[in-house]
Amino acid sequence: MGKDVKKIAAFLCLLCFGCTNTITSNVSVFHELPNNWSSKTIKVLPFDPKLKPSLEWKLYKSLIVVELEKRGFSLIRNNETTDYVAFASYGVDFGKTSTSSTSMYNRTIGGRIYSPGSIYGFDNGSSYFSGLGFTMPLYGVVDMAPFQTTIYSKNLALDIVLAESLNSENVKKLYEGRVASIGRCDNLPTIIPFMIKSLFKEFPGSRSGQKTVVSLPFEGSC
């Protein structure tokens, strides 16, 4: 049965991102950034103002800032006037659990066999023996092993707007990025850094809209 356990573990491993060594994200981008966007100043804020003091938000903000600065933006860290404002949000759902089963294989017939018998001698004496034989073993399904899998959806959103339009009725949005990642891990601090990297991999993307699937190498566990 040891081989069956290994097979089940291997099957479950394929469902876990930690075993496949990649984190896959679906990225959707639309933008109307001007040609000189990389020389602009920018400030990063959460969509929900209540998140400002959150240490988790500060971690994700720092990662977004690094990516923006790599691409030429100048970060505004105080109340100075800025050209753009980037609003970010993130989240994970409660998961969807499904029940499946996998086949358990083992030997059904064949292999070693012992054939007991008797030997009779003189004076009515007798003794017993057992003989070892071997036939070709056959393997097949001997049982089904049920298991449950919970899949979580993680989401990241990043919008860049024209700062001077925030006080008007018509806010001018220049960039709209969305990232979704589905898997067994619900730990956002583990997954969000990869989703941010996926979003900025081809930043800012096509003006006519761009949807890509990005897989990044991962070493570790959820």
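Residues numbered from 1 in each chain as written. Predicted model: local features only at pLDDT ≥ 70, side-chain atom pairs only at ≥ 80, totals over all residues. Heavy atoms only, no water.

Colleague: I would appreciate a short explanation of the overall build of the protein chain in the present structure.
Modeller: Check the secondary structure of the protein chain and you find 4 helices and 8 strands. Split into buried and exposed, the 222 residues of the protein chain put 33% on the buried side. Sequence-distant contacts in the protein chain: of pairs separated by 6 or more residues, those separated by 24 or more amount to 78%. Accessible surface computed for the protein chain: about 13900 Å², of which carbon and sulfur atoms make up 54%. (Helix = DSSP H or I, 4+ residues; strand = E, 2+ residues; numbered from the N terminus. Buried < 20%, exposed > 50% of the residue type's maximum accessible area, 1.4 Å probe, protein only. Contact = heavy atoms within 4.5 Å. Areas by Shrake-Rupley, 256 points an atom, 1.4 Å probe, with all protein chains shown as cover.)

Colleague: Which parts of the structure should I look at to understand the layout of surface pockets?
Modeller: Within this model, the largest pocket holds a volume of roughly 250 Å³. Together, 15 residues line the largest pocket, and K43, V44, L45, K61 and R77 are the ones closest to its centre. Among the elements that line the lining of the largest pocket, the one with the most residues is helix α3 (residues 55-70), at 5 residues. Broken down by class, the residue content of the lining of the largest pocket amounts to 7 nonpolar, 3 polar and 5 charged. (1 Å grid on protein atoms, 1.4 Å probe; cavity = no way out; pocket = protein on both sides within 12 Å on 5 of 7 lines; lining within 4 Å. Points joined across faces, edges and corners; volume = space filled by probe spheres on them. Nonpolar A, V, L, I, M, F, W, Y, C, P; charged D, E, K, R; others polar.)

Colleague: How should I be thinking about the side chain of H31 in this particular structure?
Modeller: Structurally, the position occupied by H31 is in strand β1 (residues 22-31). Owing to a relative accessible area of 6%, H31 belongs among the buried residues under this scheme. For H31, the side chain forms a polar contact with the main-chain nitrogen of L33, separated by 3.0 Å. With near-sequence residues (within four places) excluded, H31 lies in contact with L174, Y175, P204, G205, S206 and R207. (Polar contact = N/O pair within 3.5 Å; in protein donor to acceptor, adjacent residues only side chain to side chain.)

Colleague: Help me understand empty space enclosed by the protein, please; the structure alone is not making it clear to me.
Modeller: A water-sized probe, rolled over the atoms, reveals where empty space remains. Applying the stated rule across the entire model yields 1 cavity of 30 Å³ or more. There is about 80 Å³ of room inside the largest cavity. Around the largest cavity sit 13 residues that line it, and V27, L199, E202, Q210 and T212 are the ones nearest its centre. Elements with a contribution of two residues or more to the lining of the largest cavity: β1, α4 (188-200) and β8 (210-217). Element by element, the count of residues in the lining of the largest cavity is highest for β8, at 3 residues. Class assignment of the residues belonging to the lining of the largest cavity gives a composition of 7 nonpolar, 4 polar and 2 charged.

Colleague: Just to check I follow, could you spell out α4 for this structure?
Modeller: Helical geometry: 3.6 residues make up each α-helical turn, so side chains three or four residues apart lie on a common side. Taking 1.5 Å per residue, 13 residues should reach 18 Å; α4 reaches 18 Å between its end C-alpha atoms and fits that length. Most of α4 sits inside the fold, with 10 of its 13 residues counted as buried. Of all the residues in α4, the buried ones are L188, T190, I191, I192, F194, M195, I196, S198, L199 and F200. (Expected span 1.5 Å × (residues − 1).)

Colleague: Sorry, what's going on with the state of the cysteines here?
Modeller: Working definition: the covalent bond between the sulfur atoms of two cysteines is a disulfide. In this structure the tally under the stated criterion is 1 disulfide. Each sulfur of the disulfide joining C185 and C222 lies 2.0 Å from the other. Here the S-S torsion is close to 75°, and the disulfide linking C185 with C222 is therefore right-handed. Taken together, the residues C185 in the loop between β7 (173-183) and α4 and C222 in the segment after β8 connect sequence positions 37 residues apart. What makes C185 buried here is its relative accessible area of 1%. (Disulfide = S-S within 2.5 Å.)

Colleague: Help me understand a nonpolar patch on the surface, please; the structure alone is not making it clear to me.
Modeller: Taken together, the side chains of Y105, V141 and M144 present a nonpolar region at the surface, about 270 Å² in accessible area. Here M144 lies in strand β6 (residues 126-162). (Patch = residues over 30% accessible without salt bridge, like charges linked within 9 Å, V, L, I, M, F, W, Y side chains within 5 Å. Salt bridge = Lys/Arg side-chain N within 4 Å of Asp/Glu carboxyl O.)

Colleague: It is not clear to me how unusual backbone geometry should be interpreted in this structure. Could you clarify?
Modeller: Most of the time, phi is negative for any residue but glycine, and the peptide bond is trans. Omega for the bond connecting F203 with P204 falls within 30 degrees of zero, at 0°, which places this linkage in the cis form. Its place among the elements puts P204 in the loop between α4 and β8.

Colleague: Hey, could you run me through the environment of D186 in this one?
Modeller: Residue position: D186 is located in the loop between β7 and α4. What makes D186 partly exposed here is its relative accessible area of 39%. In this structure the C-alpha to C-alpha distance between D186 and Y152, which are 34 residues apart in sequence, comes to 5.9 Å. In contact with D186, other than residues within four places in its own chain, are V92, Y152 and C222.

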